[in-house]
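Notes for the structure review
Here is what each chain is made of, one letter per residue.
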Amino acid sequence: MPENLRVTIERGPNTPGAQSVFDVPAQDNQTVLDVVSWVQQNVDPTLSYRFACRVGMCGSCAMMVNGTPRWTCRTHISKVSAGGEVVIGPLRNLLVIKDLAVDMDPFFDKWVAAEGVHHAGLTREDPIAPVDEESAARVEANAGIECINCSVCYAACDTVAGNPDYLGPAALQRAWTLLNDAKDEGRNAILDAVSGKGGCHNCHSMGSCTVYCPNELDPMRAIAGLKRETARSFFRKGRS
């Protein structure tokens, strides 16, 4: 590693004229988030960005690093700096509020639009329903429950880039999780939501969501499952 890093921060359209290139002291075991924090603490206190846990649990520090969406708290600068240079920018496919902070509302709105909320069928007075942890449906549901809504997959998705109405891989993966959850009573609502405009059939199966997911989840598999189930539902209705 060189003594100093040459760091370019793409600050978005809402900070015109702000400094965007910084010389940052290189350190051992330095993460991209460490670099951004150093700039904010030592050079430009107006630099806006998000972070919370610093240990890969919250996902709020996700940014574009050399054009790739990453958790900056878990990305060591030595692995992404070519010749001591690195480019850091706000997540793609989301509007920039300021500098590296993006508006997450559209991302979460699509989660709701995909019926990615639990549809309860029991009350607190009812006995707890047993769950077969080894059933095929439960295995499918478990495969996606570690999603923390960091929106890395959303930023990686070229379909989202070309189609703002597309629900996106995170919302669709959540829908697939609930569709396979024996405790969820919203099957018909979920299938209707993900088969409409912007639904699962817009996915081109390019797989960027799966490639870049920091938790090694497989949203593309979940979306493929939704395609199968919505097709089955369509043909069943046609025969009835």
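Residues numbered from 1 in each chain as written. Predicted model: local features only at pLDDT ≥ 70, side-chain atom pairs only at ≥ 80, totals over all residues. Heavy atoms only, no water.

A closer look at the overall build of the protein
Note the threshold: Secondary structure elements are defined from DSSP: runs of H or I of at least 4 residues count as helices, runs of E of at least 2 residues count as strands, and each element is numbered from the N terminus. Whether two residues are in contact is decided by their heavy atoms, any of which lying within 4.5 Å being enough. Exposure was quantified through the Shrake-Rupley algorithm and a 1.4 Å probe, taking into account, for residues, occlusion by the shown protein chains and nothing else. When charges are counted, Lys and Arg are positive and Asp and Glu negative, with His and the chain ends excluded. By convention, the charge on Lys lies at NZ, on Arg at CZ, on Asp at CG and on Glu at CD.
From N to C terminus, the protein includes 10 helices and 7 strands. In the protein, of all internal contacts separated by at least 6 residues, the share reaching a separation of at least 24 is 64%. As displayed, the protein offers around 12600 Å² of accessible surface, 50% of which is attributable to carbon and sulfur atoms. Seen as two clouds, the 23 positive and the 28 negative side-chain charges of the protein have centres 5 Å apart.

A short note on the pattern of salt bridges
Oppositely charged side chains can pair when the atoms bearing their charge come close. In plain terms, the rule: We count a salt bridge whenever a side-chain nitrogen from Lys or Arg sits within 4 Å of a carboxyl oxygen from Asp or Glu. For every residue, the accessible area (1.4 Å probe, protein chains only) is compared with the maximum for its type, and the residue is labelled buried under 20%, exposed over 50%, or partly exposed between those bounds.
Using the criterion set out here, one finds 12 salt bridges in the structure. Here Asp158 and Arg92 are joined by a salt bridge, their closest N and O atoms 2.9 Å apart. Of this pair, Asp158 sits in helix 6 (residues 158–162) while Arg92 sits in the loop between strand 5 (85–89) and strand 6 (96–98), and the two are 66 residues apart along the sequence. Under the relative-accessibility criterion, Asp158 is labelled partly exposed at 37%. On the basis of relative accessible area, Arg92 is assigned to the partly exposed category, the value being 30%. Across the salt bridge formed by Glu229 and Arg232, the nearest N and O atoms sit 2.5 Å from each other. A residue pair is termed a helical-turn pair when its members lie 3 or 4 positions apart in one helix, as Glu229 and Arg232 do in helix 10 (residues 219–239) at 3 residues. The class for Glu229 is buried, based on a relative accessible area of 12%. Residue class for Arg232 comes out partly exposed when judged on its relative accessible area of 40%.

Remarks on the packing of aromatic side chains
To be explicit about the condition: In this scheme Phe, Tyr and Trp rings, the latter by its six-membered ring, pair at centre separations within 6.5 Å, and the angle between planes marks the pair as stacked below 30 degrees, edge-to-face above 60, and tilted otherwise.
Considering all chains together, one arrives at 4 aromatic pairs under this definition. Pairing Tyr49 with Phe51 gives two aromatic rings, centres 5.6 Å apart and planes at 15°, and the pair type is stacked. On the accessibility criterion, Tyr49 (16% relative accessible area) is buried.

Some thoughts on empty space enclosed by the protein
Definition in use: Grid points spaced at 1 Å and placed over the protein atoms alone form the basis of the search, with a cavity being a set where a 1.4 Å probe fits but cannot get out and a pocket an open set showing protein on both sides within 12 Å along at least five of seven lines. Lining residues have an atom within 4 Å of a point. Grid points are joined across faces, edges and corners, and a volume is the space filled by probe spheres set on the points.
Scanning all chains against the criterion turns up 2 cavities of 30 Å³ or more. If you add up the space inside the largest cavity, you get close to 120 Å³. Of all the elements in the fold, those that place two or more residues in the lining of the largest cavity are helix 5 (152–156) and helix 7 (169–179). Of the voids in this model, the second largest cavity is the one considered here, and its volume is about 100 Å³. Around the second largest cavity, the lining is made up of 13 residues, and of these Cys157, Thr159, Cys203, Met206 and Gly207 lie nearest the centre.

Coordinates in, geometry out; function isn't part of it.
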